[in-house]
Each structure stands twice: as C-alpha cells, then as structure tokens.
Amino acid sequence: MSAETENRHPVELNDGLLEVRDLDAGYGDLKILENVDLDVADGEYVTIVGPNGAGKSTLMKSVFGLTDYMGGTIQFDGKEIAGMRPDDIIHEGLGYVPQNENIFGTLTVRENLEMGAYILDEVPEERIEAVYGYFPILEERSGQQVGSMSGGQQQMVAMGRALMLDPDLLLLDEPSAGLAPDLVEEMFDRIDRINDDGTAVLMVEQNAKEALRRCDRGYVLVQGKNRYMDAGDALLEDEQVRQDFLGG
C-alpha cells in the first residue's frame, strides 16, 4: 500500500491475482486516479467504496483498459496489463460488467450469452448451463429479447455474459444500481455464490454497508486516492469510516 493508504489492521494477502501499484489514470489530460494501490487475491471478494466522484468506476475501468493510462503498474496473474486493449485483456481471464449499456437489448437472452463467448470458436454449452445455474430465470426466458426484461433481469444477463469465459476475476460496477430494494439482497446472494464457486470478485458498489458486510476486504477511495484498506467487517466497525463514508 502507498504511504497515503491507512491500513487499519494488518491484512495478509496470499496468491495475488491482481496487483495495482501507484496507478495514475484518467481521461485525456484529466487525471482522476493518483498513486492508487489495489490488490485482489485468488478467489477473493473485494469491494471499492467511497463518495460520489471518488474515482471508483474509473479505477474499475482502468483495470480493464478503458481509461487513459498515465503511470504505475497493473499486473494480472503476474503479467503486466497496463495499457493493453480491453479485447486483449479479456483473453487474460478478466470479465467486466459496466454499470450502464451492458446488454444487447434487441438480442435474446441466449444470444447475449453467446456474445460473451465471441472469442471462442464454439459456444461452450457447459458455460451456458453454468450461467443458468446462477440465474434460473434466464433459462426460462432464453428466447426473450433482453430489452423487454426488467432492470434486475437485464443485470443478470450482463453478469451471465461476463461469466461465459469462466473468468478468474469478475469486475462489477454498481451491480445493484437501479434495482428495486427487494431485489438487491437477491443480487448480492448471487454474487456471493459466484465467488464461493471460486471466481474472484472486484466490485464497486453504492450500497456500501451491505457490500462491506459480505466481502473479504474493502478499499475506501477519496478524490482519486486510497484512503483506507481493511477487512470488510473491520471497515464497517470503524467509527471514523462509518461517520465519514457510511452515514454513521
């Protein structure tokens, strides 16, 4: 961690999968992230929280090659991926679900899932079945145009498509955004199951308390810089973190 990151308690990391060090990134000449550090261990569940405008989504996009890289390192499974194109990064074992514009509305559920395997010669039927296992409603509606589905179901399609290549790390940007309150917990339960099955998860989430309650570790990002890093439950119990970022 950089000197500016306050690690509230020592957290031992083993089997590092994603290692971000001193990352500077943004858009054009606008630098959003400065000296950001981030780690995700193999099979770990990590959440990034912080106020609006903190750079959380920019950090997620930077890992997937969707911002202008300005310095630092991003290593995935020991390989430097900083500056790589997203269509090359996906070959390395990362899946990404953006917050918006994450489905093909005129295509069916099945066709959306098949698009997730576009880099393969054949669509692996076992991956289709695995996605249906996480989201049974998608099997029931496999022939339905996704644009006619509810927001929650569309989010399931987007996540399912990202899972088609069986990624080692799944990047989720605000997966509960726009969902009805009664669907938020269900969405988190499904993410828990995906992680329990061995897929590492890096998530940006507006529902910070619930996300920190479920994850292994959390980062608090403020004005494009690391502020705190600790186990999720430790951040929830930290009085200063709760007061400043979690609404008490």
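### Topic: the pairing of strand β4 (residues 45-49)
Line of reasoning, step 1. Among the five residues that make up β4, five are buried, leaving the element largely enclosed by the rest of the structure.
Line of reasoning, step 2. Across the two faces of β4 the burial is the same, with Tyr 45, Thr 47 and Val 49 and Val 46 and Ile 48 all buried.
Line of reasoning, step 3. Sheet analysis places β4 next to strand β9 (residues 200-204), joined by four bridges and oriented parallel. Following the sheet pairing, Ile 48 is matched in β9 by Val 204.
Line of reasoning, step 4. Bridge analysis of β4 against strand β10 (residues 217-222) gives four bridges, and the strand direction is parallel. Note on β10: the bridge partner recorded for Val 46 is Arg 217.

### Observations concerning the side chain of Thr 108
Line of reasoning, step 1. Considering the arrangement of structural elements, one finds Thr 108 in the loop between β7 (94-97) and α3 (109-115).
Line of reasoning, step 2. If sequence neighbours within four positions are ignored, Thr 108 has contacts with Ser 142, Gly 143, Gln 144, Gln 145 and Val 146.

### Focus on the packing of helix α6 (residues 151-162) against helix α7 (residues 181-196)
Line of reasoning, step 1. At a closest axis distance of 11 Å, the pairing of α6 and α7 adopts a crossing angle of 15°. The orientation of α6 with respect to α7, classified from their angle, is roughly parallel. In terms of crossing hand, the pair formed by α6 and α7 is right-handed. Between α6, through Gly 152, Gln 155, Met 156 and Met 159, and α7, the contact on the second element is made entirely by Glu 186, Met 187, Arg 190, Ile 191 and Ile 194.
Line of reasoning, step 2. Here the residues of the contact of α6 with α7 are counted per class, giving five nonpolar, two polar and two charged.

### Description of helix α4 (residues 125-134)
Line of reasoning, step 1. Taken residue by residue, α4 has Arg 127, Ile 128, Val 131, Tyr 132 and Tyr 134 as its buried positions. Viewed end-on, α4 has its buried residues packed into an arc of 160°, placing them on one side of the element.
Line of reasoning, step 2. Packed against the buried residues of α4 are α3, α5 (136-140), α6 and α7.

### Some thoughts on the environment of Leu 171
Line of reasoning, step 1. Mapped onto the secondary structure, Leu 171 falls in strand β8 (residues 169-173).
Line of reasoning, step 2. Residue classification places Leu 171 among the buried positions, given a relative accessible area of 0%.
Line of reasoning, step 3. Along the backbone, Leu 171 and Met 159 are 12 residues apart, and their C-alpha atoms lie at a distance of 9.5 Å.
Line of reasoning, step 4. Other than its neighbours up to four places away in sequence, Leu 171 contacts Met 60, Val 63, Phe 64, Leu 94, Gly 95, Tyr 96, Val 97 and Leu 202.

### Here we look at the confidence of the model for the protein
Line of reasoning, step 1. Confidence in the prediction for the protein averages 92 pLDDT; 94% of positions are at 70 or higher.
Line of reasoning, step 2. Predicted confidence for residues 8-12 stays below pLDDT 50, and this span has 12 contacts to residues more than four positions away or in other chains.

### Structural notes on unusual backbone geometry
Line of reasoning, step 1. One non-glycine residue, Asp 22, adopts positive backbone phi at about 50°.
Line of reasoning, step 2. The residue Asp 22 is located in strand β2 (residues 16-27) in this model.
Line of reasoning, step 3. One non-glycine residue, Asp 166, lies in the positive phi region at around 50°.
Line of reasoning, step 4. Structurally, Asp 166 can be placed in the loop between α6 and β8.

### Describing the sheet that holds β2
Within a beta sheet, neighbouring strands are joined by backbone hydrogen bonds and run either parallel or antiparallel to one another.
Line of reasoning, step 1. Reading across from one edge, β3-β2-β5-β6 is the order of the four strands in this open sheet, with antiparallel pairing throughout. The sheet is open, and its two edges are formed by β3 (30-41) and β6 (79-80), each paired on a single side.
Line of reasoning, step 2. Where helix α1 (residues 56-63) meets the sheet, it contacts β2, β3 and β5 (68-76), and its direction lies at approximately 115° from that of β2.

### A few points about the nonpolar core
Line of reasoning, step 1. Counting 43 residues, the largest nonpolar core has Phe 135, Leu 138, Met 159, Leu 172, Ile 191 and Met 203 as its most contacted members.
Line of reasoning, step 2. If near-sequence neighbours (up to four positions away) are discounted, Leu 172 is found in contact with Met 60, Val 97, Met 159, Ile 191, Val 201, Leu 202, Met 203 and Val 204.
Line of reasoning, step 3. Core analysis: the second largest hydrophobic core is formed by 33 residues, Ile 89, Leu 94, Leu 169 and Tyr 219 among them.

Reading the values: the criteria
- One numbering rule holds for all chains: residues counted from 1, following each sequence as written.
- Whole-chain, interface and lining totals are the exception, using all residues; otherwise, since this is a predicted model, local features are given only for residues with pLDDT of at least 70 and side-chain atom pairs are given and counted only at 80 or more.
- Note that the side-chain values use all heavy atoms of the structure and ignore hydrogens as well as water.
- Summary of the burial criterion: residues with accessible area below 20% of their type's maximum are buried, those above 50% are exposed, and those between are partly exposed, where the area comes from a 1.4 Å probe applied to protein chains only.
- A run of H or I in DSSP counts as a helix once it spans at least four residues, and a run of E counts as a strand once it spans at least two, with each numbered from the N terminus.
- At least two DSSP bridges between two strands are required for those strands to pair.
- Working rule for contacts: check all heavy atoms of both residues, and any pair within 4.5 Å makes them a contact.
- Each axis is a line fitted through C-alpha atoms, and for a helix only the stretch in contact is used; angles between axes span 0 to 180 degrees, taken between their N-to-C directions.
- When describing relative orientation, an angle under 35 degrees is termed roughly parallel and one over 145 degrees roughly antiparallel, while 65 to 115 degrees is termed roughly perpendicular and anything else oblique.
- The handedness criterion is simple: a crossing whose near helix is rotated anticlockwise from the far helix by less than a right angle is left-handed, and one whose near helix is rotated clockwise is right-handed.
- Under the scheme applied here, ten amino acids are nonpolar (Ala, Val, Leu, Ile, Met, Phe, Trp, Tyr, Cys and Pro), four are charged (Asp, Glu, Lys and Arg), and all others, including Gly, are polar.
- In this description, the arc belongs to the directions extending from the helix axis to the C-beta atoms.
- Across the chain, each position has a pLDDT score giving the predictor's confidence in that residue, from 0 to 100.
- Residues enter a nonpolar core if they are buried and are Ala, Val, Leu, Ile, Met, Phe, Trp, Tyr or Cys, with the set joined through side-chain atoms within 4.5 Å.

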